[in-house]
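Chain and residue survey
Letter by letter, the chains look like this.
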Amino acid sequence: MSPWHEEYRRRYARLKGAGKSFFPHAVFKDALVAFLIFAALSLLAWKFGAGLESLADPTDATYNPRPEWYFLFLFQALKAFPGSLESVAAVVLPGAAVLGLLLLPLIDRGPERHPFDRPLLTGLGILGLIVVGSLTVAGLRSPLVNPIEEKDPLVAAGRRVYQDMNCAYCHKIRGKGGVVGPELDKVVGGESVEWLEKHFRDPKSVVPGSAMPQLHLLDDEIAALAAYMKSIGDEPFTKEAPRLFSEHCAACHKIGREGGESGPDLSLIGSARDKAALKRAIADPTSLNPAAAMPAFKDQLTDVQIEDLARYLSSLGR
Amino acid sequence: MKNALILARDWIVERTGFDRVWEVLFERHVPEAKGPAAWLYTLGSASLFVFLVQVVTGSLLAMNYVPSPDHAYDSVRFIGEKVLCGSFIRGLHHWGASFMVVLVVAHMLRIYFMGSYKYPREGTWMVGVVLLLLVVGLGFTGYLLPWDQKAYWATAVGTNIAEQTPFIGPLVAKVLKGSSELGAATLPRFYALHVLVLPAAMLLGLGVHLFLVVWHGISEPPERARRPGEAP
């Protein structure tokens, strides 16, 4: 036992003897703080609740993932360590910090307790607070990776019907689901809404011998499901579309090996954006991203051409 | 009548030693802290209080929640729309999680800057660090349970980060997710961690932590070190 341990025990016993009883002195303060905290919690719970977004959709690549605020600093730190170094920021540094905290009392063993008597650790603590704090603020301020897209409520309702009816038991969308029925994103694009609705009412009426059961859905559920199907299917584009691309877009954008590099590579754009978002981006990029350098094409191309181009681009990478 | 009450009290005291427990827990003396610093000593009990709020609200939520991808989202909606005070209870649990993190970290900073982790309280501190990790784990596992877009994608990011760990990452991620992808196998796993494993570990850790706090006594506010020869 170090000599100061003995001295500390004596001094603490003296201070403790001179102190006040835990009840009611400390208990009063604790109860007051607990009451204030509960009041604040109740106010937040009552005013803001907990929020609930739409149902989880593992196939939606356009969602902006955001961790809970207290993980934001870690999320933000990842951005400073590109590529293979990411594991340093994600695991090695936080792991070392936790280990350091855990072993702190074995490292710092002297009798000094006042923060001014431990300038190194006090400084380290303040530095850590500043780093974590500023990373959190930077994370809160950083722009969303994907622009927020307004989603068609009918399509969202259709996605719920698809999930509720367990369609994925037999069908695949983007490689996820069963193998009994056709892969929907491959086949559904060419069909009209009327055909789809008829098919959902009675599959055998349009596909004789179909193994699909009758769904017995309400009219608005059928409309929603058809809208969802239209949103996932690759709609056919004309031969014009690739030509339009090389004429108007390829100076800045790449598809495969062809094209310029001043704009983003669009080889896989269909996996990240749906057709509606691409149409908006082509017609008026600043409506999605105010800082966009790309010119608006709504006056240079006709609506039909923009639709064609968007169908072509949304088919890439799916 | 009064005699009967005293008799009953004595009967219980004789069989439980309740009077000694009360003495040790509540009549123990605490070194006096002066001024606003005295209020920093409430952070630990405040964390305990919010933990209890989480236990109560969490138990109420578990009565209506279904941990399966097919029903989780609808059961959370049901809690918000149909259950008596459901949206308020869910709000308390949601905000309680953030409060918990803030209070536990603030409590740790108090101990860190005051040097209260030093002899003889090293073990109390180490158990405290484990408790902090458990709080973070509870926050992470609880975030997935509503099974909405935010929940799903935030957890996807989190498990991807775990996957980056050198050597053991892929294994850790697979154990967390229950399969190669985040999906039907993940949700029941996170639910079991969130309502069984982590709270049980938390209660155990809290028991040890609180025992040590009482055993060693609450640390006194720090004073500047005296140079040799200086008068005390």
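None of these values were measured; they are calculated from a predicted model.

**Quick word on the overall build of chain B**
Broken down by element type, chain B carries 10 helices and 1 strand. For a compact globule of 232 residues, the expected C-alpha radius of gyration is about 17 Å, and chain B comes in at 23 Å, more than 25% above that figure. Taking the principal axes of the C-alpha coordinates as reference, chain B spans close to 65 × 65 × 30 Å. A buried classification covers 36% of the 232 residues belonging to chain B. A separation of at least 24 residues holds for 69% of the contacts in chain B among residues at least 6 apart in sequence.

**Notes on the interface of chain B and chain A**
Listed by partner, the interface residues are 66 residues for chain B and 58 residues for chain A. Considering every element that reaches the side of chain B that touches chain A, the biggest residue donor is helix H6 (residues 86-114) of chain B, with 13 residues. Where strand S1 (residues 20-21) of chain A and strand S1 (residues 29-30) of chain B come together, 2 bridges link them in antiparallel fashion. Paired with Ser-21 of chain A across the two strands is His-29 of chain B, which belongs to S1 of chain B.

**Some points on unusual backbone geometry**
The peptide bond linking Phe-23 of chain A to Pro-24 of chain A adopts the cis configuration, its omega dihedral lying at 10 degrees. Tracing the chain through its elements places Pro-24 of chain A in helix H2 (residues 22-48). Cis rather than trans, the peptide bond between Tyr-119 of chain B and Pro-120 of chain B has omega equal to 0 degrees. In this fold, Pro-120 of chain B is placed in the loop between H6 and helix H7 (122-144). With phi around 60 degrees, Asn-166 of chain A is a residue other than glycine that occupies positive phi space. Position of Asn-166 of chain A relative to the elements: it lies in the loop between helix H6 (153-164) and strand S2 (172-173). We classify Asn-166 of chain A as exposed; it has 12 C-beta atoms within 10 Å. The backbone of Cys-85 of chain B shows a phi angle near 60 degrees, a positive value even though the residue is not glycine. Mapping Cys-85 of chain B onto the fold places it in the loop between helix H5 (72-81) and H6.

**Remarks on the nonpolar core**
Core analysis: the largest hydrophobic core is formed by 55 residues, its most contacted members being Val-50, Met-100, Val-135, Trp-147 and Ala-151 of chain B. Looking at this core, the elements with two or more residues in it are H2 of chain A together with helix H4 (43-62), H5, H6, H7, helix H8 (149-163) and helix H10 (186-216) of chain B. No other element matches H6 of chain B, which puts 13 residues into this core. When residues no more than four places from it in sequence are discounted, the contact partners of Met-100 of chain B are Ser-47, Val-50, Phe-51, Gln-54 and Val-135 of chain B.

**Looking at the confidence of the model for chain A**
Averaged over every residue, the pLDDT of chain A is 86; residues scoring 70 or more account for 94%. For chain A, per-element mean pLDDT is lowest for strand S3 (residues 176-177) of chain A, which scores 81, and highest for H2 of chain A, which scores 95.

**Here's the deal with the environment of Phe-73 of chain A**
By the element assignment, Phe-73 of chain A lies in helix H3 (residues 72-80). Apart from the residues lying within four places of it in its own chain, the contact partners of Phe-73 of chain A are Val-132, Leu-135, Thr-136 and Gly-139 of chain A.

**Things to note about the environment of Arg-90 of chain B**
Turning to its location among the elements, Arg-90 of chain B is positioned in helix H6. Judged by the 25 C-beta atoms lying within 10 Å of it, Arg-90 of chain B is buried. Spatially, the C-alpha atoms of Arg-90 of chain B and Val-197 of chain B are 21 Å apart, while their sequence positions differ by 107 residues. Other than its neighbours up to four places away in sequence, Arg-90 of chain B contacts Gly-49 and Ala-50 of chain A together with Leu-61, Ile-79 and Gly-80 of chain B.

**Re the packing of helix H12 (residues 275-283) of chain A against helix H13 (residues 303-314) of chain A**
Residue and element names in this part refer to chain A. Close contact between H12 and H13 brings their axes to 9 Å; oriented N to C, the two are set at 125 degrees. Viewed along their axes, H12 and H13 adopt a mutual orientation that is oblique. Handedness of the H12/H13 crossing: right-handed. Residues Lys-275, Leu-278, Lys-279, Ile-282 and Ala-283 of H12 touch H13, and the partners they reach there are Ile-306, Glu-307, Leu-309, Ala-310, Arg-311, Leu-313 and Ser-314. Here the residues of the contact of H12 with H13 sort into 7 nonpolar, 1 polar and 4 charged.

Thresholds, definitions, all that
- Residues numbered from 1 in each chain as written.
- Chains lettered and ligands numbered in written order.
- Predicted model: local features only at pLDDT ≥ 70, side-chain atom pairs only at ≥ 80, totals over all residues.
- Helix = DSSP H or I, 4+ residues; strand = E, 2+ residues; numbered from the N terminus.
- Rg over C-alpha atoms; globule rule 2.2 N^0.38 Å.
- Buried ≥ 20, exposed ≤ 12 C-beta atoms within 10 Å, placed from the backbone.
- Contact = placed C-beta atoms within 7 Å.
- Pairing = 2+ DSSP bridges.
- Core = buried A, V, L, I, M, F, W, Y, C linked by C-beta atoms within 7 Å.
- pLDDT = per-residue confidence, 0-100.
- Axes fitted to C-alpha atoms, helices over the stretch in contact; angles between N-to-C directions.
- Parallel < 35°, antiparallel > 145°, perpendicular 65-115°, else oblique.
- Left-handed = near helix turned anticlockwise from the far one by under 90°.
- Nonpolar A, V, L, I, M, F, W, Y, C, P; charged D, E, K, R; others polar.

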